[in-house]
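Working through the structure, step by step
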Amino acid sequence: MATVHLPRSLVTLFVDPPPRRLELQAATLEEIVARLDEGWPGMRDRLLEAGPRIREHINVFVDGERERNLATRIPSEAQVHIIPAVAGG
Amino acid sequence: MKNRVEVLIGTKKGAFILESDAARDDWRVRGPFCETWPIHHVVRAPDGALHAAGGNTWYGPSVWRSDDDGESWTQSSAGLTYGDDGPKITTIWNLTPGLNGTLYAGVEPAGLFRSDDRGQTWSHVSGLREHPSMPEWQPGNGGLCLHSIVPHPTDSDRMWVGISAVGAFETTDGGKTWDLRNKGVRADFDPNPDPEFGQCVHKMGLHPANPEMLFQQNHCGVYRSEDGGRQWTEITGSLPSDFGFPLAIHPHDPSTLYVIPMTAPDKGRHMIGGHSAVWRSRDRGDSWQRLDNGLPKNDAYLGVLREAMATDSMDRPGIYFGTSTGQVFASADEGDSWQLAADFLPPIWSVEASVAD
């Protein structure tokens, strides 16, 4: 099971918000997004844009490595962090 | 009994609601709503729901809905896409309720979507982007945004839309096909003296009692059409500038409209000489009157964007405008006098007004 860490600005968009940290069974990044969307419909639209691609200013780290490819394999016991890019203004 | 007036504010950092009783001289601010997302437009639908729309730098475009006057909100962008092969939609500029419970959304890059389930899911009105001119649409400074959605008040097959730096279109078949409606509108920035499209409409509207008469504030003047947009006549007349963004039409008098002239695009796009004013015409734009009683007349370099002026529907209607520096000015007497209703809000992008019991 991968442990997925979600940002506060994402979970607060849902009426029954997901926990900030949850465990998911997924083989790829795309499957993680799919599992999240099953639990919280609309989550996929917040994380992915046309392509489909991870949104430009959303960073995903798998065991500390930044990944942009949705086909990225997720090791069992992986730590997956979804983090919005920092911004000014 | 009309005893509560609310002004719905979209800002760079969330939606806000101003509330007053019928006197409209004491305003209370609620908000920010929508998780402080950038909100381009907030409307109250005929069924009472509040809808707010915008686009977030990180999480993309979405439409928010509240069924409890703003206490709680949900958001969805299901179906708001040109497909995985199409361009990415960055934000939603305008929400407009149509007939029979339909809600329309104008997005960037320019396109029109509709929802028939109160904003939960959306479908693309694809005929507009199938117009032969589409490959040549070019964004203006504000982006390639569809910002004016003007449904016919009784015929669900007819509608006009306005796209910045492209112009006006009309459909008469429910959105399947669209025709350009730019004849008579200047495009001084275009080397072609009389282009079919490329005119930069800033805001367009009609009065439901006279749906063949359209008005628009354009990058290059103010215009009136008396034949559903087939031909436009410039009515800039005595206005101190042909440039401005918003336009509002009196709710009870189809001949009365309001604009806010501003300095030229290369001269700041703010109130002329720091003297803020709204201009009103009582005769369909044939003549204009400056309204500045109660507005700051010195050193007030206010900017007002395309969506940021509105009227309420009280017997003597109120007029409202919001500024890029966070002020909301309100008039309870059709523009004859003004007061500051709110200050220190984030940069204001839109203002709408509604009246409730």
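Residues numbered from 1 in each chain as written. Chains lettered and ligands numbered in written order. Predicted model: local features only at pLDDT ≥ 70, side-chain atom pairs only at ≥ 80, totals over all residues. Heavy atoms only, no water.

**Remarks on the interface of chain A and chain B**
Taken together, the 21 residues of chain A in the interface contact 19 residues of chain B. Of the roughly 1,600 Å² buried between chain A and chain B, counting both surfaces, carbon and sulfur atoms make up 51%. Looking at the side of chain A facing chain B, the largest losses of area belong to A:L13, A:R46 and A:A50, adding up to 35% of the total buried there. Breaking the side of chain A that touches chain B down by element, the ones donating at least two residues are α1 (8-11) and α3 (43-47) of chain A. Residues that form the side of chain A that touches chain B fall into these classes: eleven nonpolar, five polar and five charged. (Contact = heavy atoms within 4.5 Å. Buried area = accessible area lost by both parts, 1.4 Å probe. Helix = DSSP H or I, 4+ residues; strand = E, 2+ residues; numbered from the N terminus. Nonpolar A, V, L, I, M, F, W, Y, C, P; charged D, E, K, R; others polar.)

**Regarding the environment of A:P18**
Residue and element names in this part refer to chain A. Structurally, P18 can be placed in the loop between α1 and β2 (21-24). Considering only alpha carbons, one finds P18 and R8, ten residues apart in sequence, at a separation of 9.8 Å. If sequence neighbours within four positions are ignored, P18 has contacts with L6, V11, W40 and M43.

**Regarding the nonpolar core**
In terms of nonpolar packing, the biggest core is built from 40 residues, with A:L6, A:I32, A:L36, A:L47 and A:V80 touching the most fellow members. Not counting the four nearest positions on each side in its chain, A:L6 is found in contact with A:V11, A:P18, A:P19, A:R20, A:L22, A:L36, A:M43 and A:I82. Grouped together as the second largest cluster of nonpolar side chains are 36 residues, B:F16, B:F245, B:M314 and B:A330 included. (Core = buried A, V, L, I, M, F, W, Y, C linked by side-chain atoms within 4.5 Å. Buried < 20%, exposed > 50% of the residue type's maximum accessible area, 1.4 Å probe, protein only.)

**Points about the pattern of salt bridges**
What the rule picks out here adds up to 33 salt bridges over all chains. A:E49 is paired through a salt bridge with B:K88; the nearest N and O atoms lie 3.3 Å apart. Note that A:E49 is positioned in strand β3 (residues 48-49) and B:K88 in the loop between β7 (74-76) and β8 (91-97), a pairing that runs across two chains. Under the relative-accessibility criterion, B:K88 is labelled partly exposed at 29%. Shared partners join several salt bridges into a network, and the residues in it are B:R4, B:E6, B:E19, B:R28, B:R30, B:R44, B:D69 and B:E71. (Salt bridge = Lys/Arg side-chain N within 4 Å of Asp/Glu carboxyl O.)

**Details of unusual backbone geometry**
All names here are of chain B. Of note, the amide linkage connecting G31 to P32 takes the cis form, showing an omega dihedral of -5°. Mapping P32 onto the fold places it in strand β3 (residues 28-33). A positive phi angle, close to 60°, is found at C34, a residue other than glycine. Note on placement: C34 falls in the loop between β3 and β4 (39-44).

**So, the sheet that holds β4(B)**
All names here are of chain B. Read across the sheet, four strands follow the order β4-β5-β6-β7 without closing on themselves; strand pairing throughout is antiparallel. In this open sheet, the two strands that pair with only one neighbour each are β4 and β7. On average, each strand axis in the sheet is tilted by 20° relative to the strand beside it, whichever way the strands run. When strand β5 (residues 50-56) meets strand β6 (residues 60-66), the two strands line up antiparallel, connected through seven bridges. Counted as the bridge partner of G54 is S62 from β6. (Pairing = 2+ DSSP bridges. Axes fitted to C-alpha atoms, helices over the stretch in contact; angles between N-to-C directions.)

Interpretation in functional terms is not warranted from these geometric data alone.
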